[in-house]
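So you can see what is in the structure, the chains are spelled out below.
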Amino acid sequence: MDERTQQQAAEGLHRKFEFRDILPEEAEQAAEIERICFPPNEACTREMMIRRVEKAPDLFLVAVDRHTGRVAGFLNGLATRESTFRDEFFTDAELHDPDGKNIMLLGLDVLPEYRGQGLARELVRTYAARERAKGRRMLLLTCLESKVEMYRKMGFRDEGIANSEWGGEQWHEMSCVIDGK
């Protein structure tokens with residue numbers, strides 16, 4: 001897709017969805033979306049999702065369907081000064097450092113009925129732009145082999161097999177420099 005076509009697609013998504021920080025009362029909805037989008041061994045628990053929303057609501061970006069008012073998807077993470085992903089980021093919201101220059105992305109969730117529209121890509125693009133404006137340096141995540149190409153198309157670089165055992169899976173660590181330096 002050329003740049004003009006991408007821009008038109010993004011504008012269309014912003015007409016259909018409101019992109020914003022999560023609201024405290026949407027924590028339960030986020031936990032349910034996570035349960036739908038990830039297998040049990042990979043999904044964040046309800047309690048942990050609620051804790052993430054409490055600790056770092058400004059590091060959630062939700063896409064709300066303007067017609068239904070329903071959260072269609074979201075991206076969430078924690079800020080840190082660390083530069084390598086570790087499993088504890090998934091389970092310990094206290095690792096969030098508001099002054100951290102890097103964001104450990106913990107989940108990109110799009111409900112099945114909203115997939116195939118470019119919503120995941122737009123969540124990542126909008127999130128990166130927002131965090132760049134806050135002075136953040138890099139986005140990091142782990143993903144399964146089957147998702148590596150998707151994240152490459154979104155601007156991430158495959159750093160190889162991650163030092164992660166989350167959910168008993170083998171993960172790739174992916175990074176995306178967002179500060180333009």
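Residues numbered from 1 in each chain as written. Predicted model: local features only at pLDDT ≥ 70, side-chain atom pairs only at ≥ 80, totals over all residues. Heavy atoms only, no water.

(A) Looking closely at the sheet that holds strand 7 (residues 172–177). Taken together, seven strands build an open sheet; the order of strands is 1-2-3-4-5-7-6 and the sheet is mixed. The outermost strands of the open sheet, each flanked by one partner alone, are strand 1 (17–20) and strand 6 (157–161). Each neighbouring strand pair of the sheet contributes to a mean axis angle of 25°, computed without reference to strand direction. On top of the sheet, helix 2 (residues 27–37) reaches strand 3 (71–80) and strand 4 (102–110); it is set at about 100° to strand 3, its chief contact. Along the sheet, helix 3 (residues 46–55) makes contact with strand 2 (60–65), strand 3 and strand 4, crossing strand 2 at roughly 105°. (Pairing = 2+ DSSP bridges. Helix = DSSP H or I, 4+ residues; strand = E, 2+ residues; numbered from the N terminus. Axes fitted to C-alpha atoms, helices over the stretch in contact; angles between N-to-C directions. Contact = heavy atoms within 4.5 Å.)

(B) How the structure looks around the nonpolar core. In terms of nonpolar packing, the biggest core is built from 60 residues, with Leu119, Leu139 and Phe156 touching the most fellow members. Discounting residues that sit within four places of it in the chain, phenylalanine 156 has contacts with Leu105, Val124, Leu139, Leu141, Tyr151, Met174, Ser175 and Cys176. (Core = buried A, V, L, I, M, F, W, Y, C linked by side-chain atoms within 4.5 Å. Buried < 20%, exposed > 50% of the residue type's maximum accessible area, 1.4 Å probe, protein only.)

(C) Layout of the packing of helix 2 against helix 3. Their axes nearest at 9 Å, the elements helix 2 and helix 3 cross at an angle of 135°. The orientation of helix 2 with respect to helix 3, classified from their angle, is oblique. Relative to helix 3, helix 2 is oriented so that their crossing is right-handed. For the pair formed by helix 2 and helix 3, the contact residues are Ala27, Glu28, Ala30, Ala31 and Glu34 on the first element and Arg46, Met49, Ile50 and Val53 on the second. (Parallel < 35°, antiparallel > 145°, perpendicular 65-115°, else oblique. Left-handed = near helix turned anticlockwise from the far one by under 90°.)

(D) Fine view of helix 2. Those residues of helix 2 that sit buried are Ala27, Ala30, Ala31, Ile33, Glu34 and Cys37. Taken end-on, helix 2 shows its buried residues confined to a sector of 160°, consistent with a single buried face. On the buried face of helix 2, the contacting elements are helix 3, strand 3 and strand 4. (Arc of directions from axis to C-beta.)

(E) The pattern of salt bridges, seen in detail. Scanning the model with the defined rule gives 22 salt bridges in all. Among the salt bridges present, the one from arginine 35 reaches glutamate 32, with a minimum N-O distance of 2.5 Å. Here arginine 35 pairs with glutamate 32, and both are found in helix 2, just three residues apart, close to one helical turn. Exposure remark for arginine 35: the relative accessible area of 51% places this residue in the exposed category. Glutamate 32 gets classed as partly exposed once you look at its relative accessible area, which sits at 34%. By sharing partners, the salt bridges in this structure join Asp21, Asp58, Arg130, Glu131, Lys134 and Arg136 into a single network. (Salt bridge = Lys/Arg side-chain N within 4 Å of Asp/Glu carboxyl O.)

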